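# Structural overview for review
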Amino acid sequence: GAEIPAHKIAPGQFEAATAAAKFRYEVNLAPPAQPSDAARVSWLNEERGLLMLADLLPVSQSKAANRGREGVTIRFTLPEFCLVYSNEKENTQGEFEVADAGRAVFVVGTHLRSSHITISGMTFGLVTDGEWAFADGEALKLGADVLKIDREVFGAMPSKQGALILLPFPQPSAVSKWSAETRGSTVTLLMGKLPSKTAALSQLSVPVTHELFHLWVPNALALEGDYDWFYEGFTVYQAARTAVRLGLLTFQEFLNAIARAYDAYAAAAGHDRSSLVEASKRRWTAGAPSVYSKSMVVAFLYDLKLRNQSHGKHSLDDAYRKMFQDYHSSDAGSNRVAAGQGSDGNDAAANALANDSSTQSFVRQFIREAVTISPTSELAPFGLQVETFGLRTRLSVSEQLSKPQRDLLRELGYNDSARSSTQKKHS
């Protein structure tokens, strides 16, 4: 029962004079000054809050010994009118048994509501509060539709449970703004409230198509290292493809997104001096957006080339399926160590992409080495034309397409009958 003296040795770091059996501390949970940060750190206000164990609990020595995973049991003492929800397992005593404290996310609030749906054996839940322009069921259906398409890519679900936490920002922000992060099997999304149902669902679809893909890559993979070029940049491309399949983007809007990514890459200083692997390692100093933009363009080129040379039999999806089979870390909450645990993500992704001499050459040229992308010469063989207006690039489908070119673009969502109809209307 005696108090043990302690002194501060650095910001957020304290040292006790002797070992302690029990300790207590307080955390300032005021919302962050920047609204975009509120999806990534813990905060609490009078109505609701996010609690992330990664920045609430102290780091013990056992965490390093368990390759970064640390199991804890959490008990909340809350007012009767306040609810708590998490994707973590809850026992009969009302405690949460967390296998990996670094990935656990809890949401508390006075008016929380939840709904669930089962997709291919995975229970997917939506937790939200407040009023949105769309119904909870519509948001849940959007998530389910995205998960079904992602499952087709990987061949299996990433875990037995997943959740989408949808909340308004804790501080005033623009209605068109959103911020999201995926930890473990939980997607946290903070979003402004657009008054139009159509606009709000469109806004919701952008982060949902991207973040749900992260349930597989990188969160369900037992890989390490800075391979953001793949699990972020390539995911931007995959999310756009999913949006086209769901009718959330037209094929021309898909091409517009590729063109914007190319312009962002081309405008970045020193964009052709580093490989994607090198740029990922320096993304916090060199600028993450340029790495992701270039990666999206590279993913598009890779997918086009592979589909073309295999006559539609193979695509980028094959690389994702292989990585998931080789490096799946099992369900969130499991302590099973996957084969290849701790392998380098750059090597794993590059090897999955390099199936033969042609793809090996592509990976070496566009991923492992510095390269300047020339969209006109790269895209012309696939029936795509490139126009430049100052610093702005426009991609479009060529007027004359060969049958192989038309078949290739149709695989990616091109609808030539819709285009003909549009041309007639313009005429």
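Structure: see above.
Definitions and limits used
Residues numbered from 1 in each chain as written. Predicted model: local features only at pLDDT ≥ 70, side-chain atom pairs only at ≥ 80, totals over all residues. Heavy atoms only, no water. Helix = DSSP H or I, 4+ residues; strand = E, 2+ residues; numbered from the N terminus. Rg over C-alpha atoms; globule rule 2.2 N^0.38 Å. Buried < 20%, exposed > 50% of the residue type's maximum accessible area, 1.4 Å probe, protein only. Contact = heavy atoms within 4.5 Å. Areas by Shrake-Rupley, 256 points an atom, 1.4 Å probe, with all protein chains shown as cover. Phe/Tyr/Trp six-rings, centres within 6.5 Å; stacked < 30°, edge-to-face > 60°. Pairing = 2+ DSSP bridges.

Further remarks concern the overall build of the chain. Check the secondary structure of the chain and you find 14 helices and 18 strands. Against the globule reference of 22 Å for 427 residues, the chain gives a C-alpha radius of gyration of 23 Å, in line with a compact fold. The buried share of the chain, reckoned over its 427 residues, is 48%. Relative to all contacts within the chain whose residues are 6 or more apart in sequence, the contacts with residues 24 or more apart total 64%. As presented, the chain carries roughly 21,300 Å² of accessible surface, and 50% of it is formed by carbon and sulfur atoms.

The final tally for this structure, using the stated rule, is 23 aromatic pairs. With 5.0 Å between their ring centres and 55° between their planes, F76 and F106 make a pair best called tilted. Remark: F106 occurs in strand β9 (residues 105-109) and F76 occurs in the loop between β5 (72-74) and β6 (83-86); sequence separation between them is 30 residues. For F106, a relative accessible area of 0% puts it in the buried group. Seen in terms of ring centroids, F230 and Y320 are 5.1 Å apart; in terms of plane orientation they differ by 35°. Their pairing is tilted. Taken together, the positions of F230 in helix α4 (residues 228-245) and Y320 in helix α9 (residues 316-327) put the pair 90 residues apart, joining distant regions of the chain. Like Y320, F230 is buried.

Quick look at the sheet that holds β5 now. The 3 strands lie next to each other as β5-β8-β7, forming an open sheet whose pairing is antiparallel. The open sheet has two edge strands, β5 and β7 (89-90), and neither has a second partner. In this structure, β5 lies alongside strand β8 (residues 96-98), joined through 3 bridges in antiparallel fashion. The partner of V72 across the bridge, within β8, is V98.

Within a regular strand, side chains alternate between the sheet's two faces. Judged from the 7 bridges that link them, strand β10 (residues 113-119) and strand β11 (residues 122-128) form a sheet pairing that is antiparallel. Each bridged residue has a counterpart across the sheet, and for S114 the counterpart in β11 is V127. Count of turn residues in the β10/β11 antiparallel hairpin: 2 residues, of which S120 carries a positive phi of about 50°.

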